[in-house]
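Below are the chains, spelled out letter by letter.
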Amino acid sequence: MGGLESGVVVGEPLPAGKRSTVRRLSFLVRLHILVHEVSVLDDVVSCAIARPRFDGQGNEIFDGKIGIFPFVTQEPARRNSINRLAGTLETKPLTSVNRDIMRSYLIEKLLPAIKEKWPRDDMMNPIFIQQDNARTHVDKNDEAFCEAARYGGFDIRLMCQPANSPDLNILDLGFFSAIQSLQYKEAPKTVDELISAVARSYDSFDVRKSNRIFLSLQLCMIEIMQAKGSNKYKIPHINKAKLENLKELPSQLKCDSTLVQEVMQILISKTSVTTKFTCNSWKVHLYGC
């Protein structure tokens, strides 16, 4: 669980055809917190999940469930109806989510949840919040966010996933499809019922299945390197559930050091990026610890 040491200086932009490849190959960061938005009916919910942790006997010590944060507001009803009186507060989805709203949710909701739930023995290590590349997301150097993130002695940073790489987002890789299938069984009819259904689905999601999805992420990282940054590969399967039942499921997947060196040479040849990485940096990236 060593910290990530890296220094990157980006030179001239690459031709459009090469950018996503290099972004995938240079995705060398610790994947602790993964943030994403999903549209559920007319509502948008921000969901945060981290990799769960277990002790040496396989007992859960951290479930990785940071929280879900619906983009809604409370508005008084304008007129009477058979369901409520005028003036009764109703939950309404936000009609639009801009960068200011995203910043306020990060600072006022997500950061406090991380600081409250994060394992105390790992507080001093960097925690990365991974966003996708939506225009409304907050810049990693945003002054207000960085100030709030440092409060309390934490080292919490923002980052974005590589472009055109849904397999590098743990939520797209399997988490959302799983909790949506649970939520659909309840058939909610109102915004409040919808939020409650999503929350129950999130809370009841199997922690060990979440851990297996994080292993799938590690497999995808290795496959991307073997494909030299291309997205023309198949997500491999290693019968994780069976290995777990046999108590043989690894927590980290090994990667050939020769492959790592080849990827570094590709990055050096295709970009004017100056990098400094320690051996632990590569392990942290490849294993998704």
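Reading guide: rules and limits
Residues numbered from 1 in each chain as written. Predicted model: local features only at pLDDT ≥ 70, side-chain atom pairs only at ≥ 80, totals over all residues. Heavy atoms only, no water. Salt bridge = Lys/Arg side-chain N within 4 Å of Asp/Glu carboxyl O. Helix = DSSP H or I, 4+ residues; strand = E, 2+ residues; numbered from the N terminus. Buried < 20%, exposed > 50% of the residue type's maximum accessible area, 1.4 Å probe, protein only. Polar contact = N/O pair within 3.5 Å; in protein donor to acceptor, adjacent residues only side chain to side chain. pLDDT = per-residue confidence, 0-100. Contact = heavy atoms within 4.5 Å.

### Topic: the pattern of salt bridges
- Under the counting rule described, the total for this entry stands at eight salt bridges.
- We note a salt bridge from glutamate 244 to arginine 212, for which the minimum N-O separation is 2.6 Å. With a gap of 32 residues between them, glutamate 244 in helix α7 (residues 240–245) and arginine 212 in helix α6 (residues 207–226) connect regions that are remote in the sequence.
- Salt-bridge contacts for glutamate 262 lead to lysine 228; the nearest nitrogen and oxygen are separated by 3.9 Å. Here the residue glutamate 262 occupies a position in helix α8 (residues 257–270), and lysine 228 occupies one in the loop between α6 and α7, the gap between them amounting to 34 residues.
- Using a relative accessible area of 35% as the deciding quantity, one classes glutamate 262 as partly exposed.
- Each member of the salt-bridge network shares a partner with another, and the members are Arg84, Glu90 and Lys92.

### Focus: the side chain of glutamine 218
- With respect to the secondary-structure elements, glutamine 218 resides in helix α6.
- A distance of 3.0 Å separates a polar side-chain atom of glutamine 218 from the backbone nitrogen of leucine 253.

### Remarks on the confidence of the model for the chain
- Averaged over all residues, the pLDDT of the chain is 76; the fraction at 70 or higher stands at 78%.
- No element of the chain has a lower mean pLDDT than strand β1 (residues 6–9), which averages 22, and none a higher one than helix α3 (residues 143–150), which averages 95.
- Segment residues 1–32: pLDDT under 50, and 101 contacts once partners within four positions in sequence are set aside and those in other chains are kept.
- Across residues 36–43 the pLDDT falls below 50, and counting only partners more than four positions away or on other chains, this stretch makes 33 contacts in the model.

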